[in-house]
Amino acid sequence: QVQLVESGGGSVQAGGSLRLSCVASGAIFRVNAMGWYRQAPGKQRELVADISSGGITRYADSVKGRFTISRDNAKNTVNLQMNSLEPEDTAVYYCHAELNVGVPVPYWGQGTQVAVSS
């Protein structure tokens, strides 16, 4: 069974740091782009950061300079280091990956809560 399993998240005060990790498992030929999205209550899901299989990164303007995305291709993992967290970063964070399971298919993790208090 192909799946994305997230870890990390939790509650932190403003200015603190958290690290999210996501691993893709199952019968995967290749992992293409991987990334993180988030959805706050009452808002649409938005891209936080993503990284291509070649290491090219993209960040939302709101997290540039505070968050860093990285991946380990050998382990099919993607990480998101979040520093200088702000209350506005509070959301459910979802791992996303395009997995080649014969054909490219987008997958989502189940989500992990990040709560930042002021």
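Below, the structure is looked at part by part. (Residues numbered from 1 in each chain as written. Predicted model: local features only at pLDDT ≥ 70, side-chain atom pairs only at ≥ 80, totals over all residues. Heavy atoms only, no water.)

1. Focus on the overall build of the protein chain
Tallying secondary structure elements over the protein chain gives zero helices and 11 strands in all. Each helix and strand of the protein chain, ordered N terminal to C terminal, gives the series β-β-β-β-β-β-β-β-β-β-β. For the protein chain, whose C-alpha radius of gyration is 14 Å, the value lies close to the compact-globule estimate of 13 Å for 118 residues. With respect to the principal axes defined by its C-alpha atoms, the protein chain has extents near 45 × 25 × 20 Å. Across the protein chain, contacts joining residues at least 24 apart in sequence account for 54% of those joining residues at least 6 apart. Carbon together with sulfur atoms contributes 48% to the accessible area of the protein chain, which is approximately 6200 Å² in total. Seen as two clouds, the 10 positive and the 9 negative side-chain charges of the protein chain have centres 4 Å apart. (Helix = DSSP H or I, 4+ residues; strand = E, 2+ residues; numbered from the N terminus. Rg over C-alpha atoms; globule rule 2.2 N^0.38 Å. Contact = heavy atoms within 4.5 Å. Areas by Shrake-Rupley, 256 points an atom, 1.4 Å probe, with all protein chains shown as cover. Lys, Arg positive; Asp, Glu negative; His and termini not counted. Charge placed at Lys NZ, Arg CZ, Asp CG, Glu CD.)

2. Overview of the packing of aromatic side chains
All chains considered together, the criterion is met by one aromatic pair. The ring of Tyr-94 has Arg-45 sitting right over it, with the charged end atom 3.7 Å from the ring centre. Directly above the ring of Trp-108 sits Arg-45, whose terminal nitrogen or CZ lies 4.7 Å from the centroid. (Phe/Tyr/Trp six-rings, centres within 6.5 Å; stacked < 30°, edge-to-face > 60°. Lys NZ or Arg CZ within 6 Å of the ring centre and 35° of its normal.)

3. Things to note about the sheet that holds strand β1 (residues 3-8)
Read from one edge of the open sheet, four strands run β1-β3-β8-β7, paired in antiparallel fashion. Both edges of this open sheet fall to β1 and β7 (67-72), since each of them pairs with a single strand only. Adjacent strand axes in the sheet meet at a mean angle of 15 degrees when their direction is disregarded. The sheet contact formed by strand β3 (residues 18-25) and strand β8 (residues 77-82) spans six bridges and is antiparallel. Among the inter-strand pairings, Leu-20 is bridged to a residue of β8, identified as Leu-80. (Pairing = 2+ DSSP bridges. Axes fitted to C-alpha atoms, helices over the stretch in contact; angles between N-to-C directions.)

4. Section: unusual backbone geometry
Its identity is not glycine, yet Asn-76 carries a phi of approximately 55 degrees, on the positive side. Relative to the elements of secondary structure, Asn-76 occurs in the loop between β7 and β8. One non-glycine residue, Ser-84, adopts positive backbone phi at about 50 degrees. Relative to the helices and strands, Ser-84 is located in the loop between β8 and β9 (91-100). Taking the relative accessible area as the measure of exposure, Ser-84 reaches 41% and is therefore partly exposed. (Buried < 20%, exposed > 50% of the residue type's maximum accessible area, 1.4 Å probe, protein only.)

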